[in-house]
Every structure is written in C-alpha cells, then in structure tokens.
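Below, each chain spelled out in residue letters.
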Amino acid sequence: MSEHLIQIEPQGAVRLLRLNRPEALNAFTAPLLSQLRQALESAAEDRETRAVVITGAGRAFSAGQDLADPHVAPSRDPGAAPKDIGHMLEHYYIPLALRLRSMPVPVVAAVNGVAAGAGANLALGCDLVVAGESASFIQAFSRIGLIPDCGGTWLLPRLVGRAKALELALLGDKLKAAEAERIGLIARVVPDAELAGTALAIAQRLAAMPTRALYETRAALDDAMKLDYEPALKREAQLQSQLGFAYDYLEGTAAFLDKRSPEFKDR
Ligand code: LHQ
C-alpha cells in the first residue's frame, strides 16, 4: 500500500486525517476506505491521541463511492455477470462505519466542500460536523438507483426527523451548509477561511476534556434513541456510577473546588 490516500497529520493530542484523492474529489475506492479504517484504528490505539479530525484535500470533502471503480461499476457488456455491490458495503463501508461510531475519542468532521453519497454519510457519522460555507451535502444515492448507505438510513431520521430525511434521500438535492446547519443536520457552519482553524480548535478543546465521559455521552445518547424513558434514566445512573469511580471525576471536581484548570487523564 504505497499510495497515501489518507494523509495523517498529528497536531499534538489531535490527529488530523485528510482524504487524499483530490483529483477525483476524494471519491472512495477500496484502498482509500481500508487506509481510512486503519488510520482510525491507529488513532484509537494511540493513548496520546485524544481527538480526531477528518477533512478532505482539495475542493471537496468526498464525492462518495468512486463510480468508475471496477468493483462497483456495472459492466456495459450485456453478457457479463452482474456485480454484487453489497460486497463493497460488507467488506469496506460497514467496518469503517462501525469503527468510526465506536471511536474511544471524539471525531470532528471538517467538511471543506461537497460531501456526496457515502462521503456525506461518513461526515454525518462523525461526532461533531463543522462545514465551510461553500460546503454542501448530497444524498446522491436515489439519482443512481440506490438507497442511502454508510449509515445514512440510520443517521438521517435521527438527525433531522423523518420528513426532512425523506426529502433529502428521495430528491437527492444539494443542501448548502447554511441550510444543513439550520435543519440540524450539522453542528456549525463557518466562513471557508476559518474552517481548518475552527475544526482544530474544537478538536483541541475536546482533547483536553474527560475522554471517557465524552465516549459514554455518545454511547448513552445513541442508546437512549432506542430506550423508553425509565430505562434511559437507569442507564444514566449506571454510567454515572462507573464514571464516578474514575480519575477524571475526582480531578474535575477537585479542579472546580480549587478554582484551577483540570488535567484529565482517563481514556
Ligand atoms: C467522480 C465522482 C464519483 C467517480 C465526481 N466517482 N468520479 C456504495 C457501494 C457501492 C456502490 C455504490 O455506492 C456506494 C455509496 C455511494 O457513495 S453512491 C453515491 C456516489 N456518488 C455520487 O453519485 C456523486 C457523483 N458526483 C457528483 O454528483 C458530482 O461530481 C458532485 C456533486 C460530487 C461534484 O460536482 P462538480 O463540483 O460539478 O464536479 P464534477 O461533477 O465536474 O466532478 C469532477 C470530477 O470528479 C469529474 O471527473 P472529470 O474527469 O470530468 O474531471 C467527475 O466525473 C469526478 N467524480 N464524483 N463519485
């Protein structure tokens, strides 16, 4: 694997991962998806890394699956056997989406341009999505006879509700960053020139926070979507009980009472 389809740029406790196929709008190929999963794995294993940023090289975040890739492009030869594109999802997208969603550290998406198809849903699967004002999101799947994948069917209704999820997924229209922020699809839109700095500053802030509590916050929010109220309350109590025994709670409360900045360590 000689080609660096993911550029890894360590910035202190933050690891920045840059999708790096700018000539193809960072469209996903099997090697790029493998390298991204490995880069996330390595960030998860590195105890010094406390937050991750994912962004794109060039003018796009990602155009989604590379539709010219022979793994997925249907053959135009009527005699050729049809391809099962589900294999691509099973072998590349599902492991990547699962790795992303269970990262021990928070992941910030810095969406620097168009994010289409699986490229949009990779971004939306991150914990905090910041976009430059010229960025856009396209659920491009229906345009080519497919359904939202890379977590799209799960993420969209949770993020924006059924009505907007269906509007985005059925029509496949381009949604500008400002509108994406307005409907709650993403957290924040900033001027293009401020995107990299803002995303890094957010990641650095998260990196200084109690990582384990952040991880459990994501897990508890996701779990609560499928729980009734009382089980959700009980889950909060169970997690709070565990976190209450951890170093970071001791440090957080001590720092507050001592009127100093905390130094969190748990991960
Ligand atoms: C591309 C692509 C692309 C190849 C731009 N592939 N070349 C999972 C598993 C299995 C199968 C299928 O799908 C999936 C998940 C998915 O992600 S499906 C959805 C795949 N993505 C799309 O359908 C988006 C296709 N792209 C577009 O609609 C446009 O290119 C966008 C809106 C992203 C950007 O538009 P423009 O800014 O106008 O740029 P452009 O269209 O001129 O693209 C620039 C070049 O990039 C161009 O090549 P060229 O040689 O003419 O410069 C495009 O052909 C190429 N490109 N997306 N996904």
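Refer to the structure presented above.
All values derive from a computational prediction rather than experimental measurement.

K.L.:
Even after reading the chapter, I still don't get the overall build of the protein chain, so can you show me in this structure?
P.N.:
For the protein chain, the count of helices and strands is nine helices and ten strands. Relative to the globule expectation of 18 Å for 267 residues, the C-alpha radius of gyration of the protein chain, 20 Å, shows essentially globular dimensions. Its C-alpha atoms put the protein chain at 75 × 45 × 35 Å along the principal axes. Summarising the internal contacts of the protein chain: among those between residues at least 6 apart in sequence, 67% fall at separations of at least 24. Of the roughly 14,100 Å² that the protein chain leaves accessible, carbon and sulfur atoms contribute 57%.

K.L.:
Can you help me understand the pattern of salt bridges in this one?
P.N.:
Between side chains of opposite charge, pairing is possible as soon as their charged atoms come close. Across all of its chains, the model carries 13 salt bridges by this definition. Here the residues in one salt-bridge network are D223, K226 and R235, joined through shared partners.

K.L.:
What exactly am I supposed to notice about the packing of helix α7 (residues 211–224) against helix α8 (residues 229–244) here?
P.N.:
At a minimum axis separation of 11 Å, α7 and α8 run at an interaxial angle of 165 degrees. The orientation of α7 with respect to α8, classified from their angle, is roughly antiparallel. Two packed elements cross with a definite hand, and for α7 against α8 that hand is right-handed. Within the contact between the two elements, α7 uses R212, A213, E216, A219, A220, D223 and A224 and α8 uses A232, R235, L239, Q242 and L243. In terms of residue class, the contact of α7 with α8 is built from seven nonpolar, one polar and four charged.

K.L.:
Explain the sheet that holds strand β6 (residues 114–116) here, please?
P.N.:
Taken in spatial order, the four strands line up as β4-β6-β8-β9 in an open sheet, and their pairing is mixed. Of all strands in the sheet, those bounded by a partner on one side alone are β4 (60–62) and β9 (174–176). The sheet shows a mean angle of 20 degrees between the axes of neighbouring strands, taken without regard to direction.

K.L.:
What am I meant to see in the site of the ligand here?
P.N.:
Among the 21 residues in the neighbourhood of the ligand, the closest are listed as R59, A63, Q65, L67 and A118. Note that an oxygen atom of the ligand is positioned 2.8 Å from one of the side-chain N or O atoms of R59. With respect to the ligand, the backbone of Q65 contributes an N or O atom lying 2.8 Å from a nitrogen atom. Expressed as a share of its isolated accessible area of 1,000 Å², the protein-covered part of the ligand is 64%.

K.L.:
Would you mind going over unusual backbone geometry with me for this structure?
P.N.:
Working note: non-glycine residues mostly have negative phi, and peptide bonds are mostly trans. Its identity as a non-glycine residue notwithstanding, N26 has a phi of 55 degrees, on the positive side. With relative accessibility at 0%, the residue N26 sits in the buried group. Non-glycine residue C150 carries a positive phi angle of around 55 degrees. You can call C150 buried: its relative accessible area is 9%.

K.L.:
Is there a simple way to explain the side chain of T29 in this structure?
P.N.:
Among the secondary structure elements, T29 is positioned in the loop between β2 (14–19) and α1 (30–45). Setting aside anything within four residues of it in sequence, one finds T29 in contact with L5, R21, D66, D69 and M88.

K.L.:
Where do I start with the sheet that holds strand β1 (residues 6–11) in this structure?
P.N.:
Strand-to-strand pairing in sheets goes through backbone hydrogen bonds, with the strands running parallel or antiparallel. As summarised here, the arrangement of the six strands in space is β1-β2-β3-β5-β7-β10, forming an open sheet in which the pairing is mixed. Each edge of the sheet is formed by a strand with only one pairing partner; in this case those strands are β1 and β10 (188–190). Strand-to-strand twist in this sheet, taken as the mean axis angle between neighbours without regard to direction, amounts to 20 degrees. Relative to β2, β1 runs antiparallel, the two sharing six bridges. Its bridge partner lying in β2, Q11 is registered against V14.

K.L.:
Is there a simple way to think about the environment of A203 in this case?
P.N.:
Positionally, A203 belongs in helix α6 (residues 195–207). Residues A203 and A13, 190 residues apart in the sequence, show an inter-C-alpha distance of 8.8 Å. In this view, A203 contacts V14, A51, V53 and V108; residues no more than four positions away in its chain are not counted.

K.L.:
Got a minute to help me understand the nonpolar core in this structure?
P.N.:
Across soluble globular proteins, you tend to see nonpolar side chains buried next to one another. Counting 50 residues, the largest nonpolar core has L19, V52, I54, V111, L122, F137 and L185 as its most contacted members. If you tally residues by element for this core, the top one is α1, at eight residues. Counting residues in each nonpolar core, the second largest holds 16 residues, with V14, V53, A110 and I202 among its members.

Here is what the cut-offs are and how they apply
Residues numbered from 1 in each chain as written. Predicted model: local features only at pLDDT ≥ 70, side-chain atom pairs only at ≥ 80, totals over all residues. Heavy atoms only, no water. Helix = DSSP H or I, 4+ residues; strand = E, 2+ residues; numbered from the N terminus. Rg over C-alpha atoms; globule rule 2.2 N^0.38 Å. Contact = heavy atoms within 4.5 Å. Areas by Shrake-Rupley, 256 points an atom, 1.4 Å probe, with all protein chains shown as cover. Salt bridge = Lys/Arg side-chain N within 4 Å of Asp/Glu carboxyl O. Axes fitted to C-alpha atoms, helices over the stretch in contact; angles between N-to-C directions. Parallel < 35°, antiparallel > 145°, perpendicular 65-115°, else oblique. Left-handed = near helix turned anticlockwise from the far one by under 90°. Nonpolar A, V, L, I, M, F, W, Y, C, P; charged D, E, K, R; others polar. Pairing = 2+ DSSP bridges. Near = heavy atom within 4 Å. Polar contact = N/O pair within 3.5 Å; in protein donor to acceptor, adjacent residues only side chain to side chain. Buried < 20%, exposed > 50% of the residue type's maximum accessible area, 1.4 Å probe, protein only. Core = buried A, V, L, I, M, F, W, Y, C linked by side-chain atoms within 4.5 Å.

These figures capture arrangement, not role.
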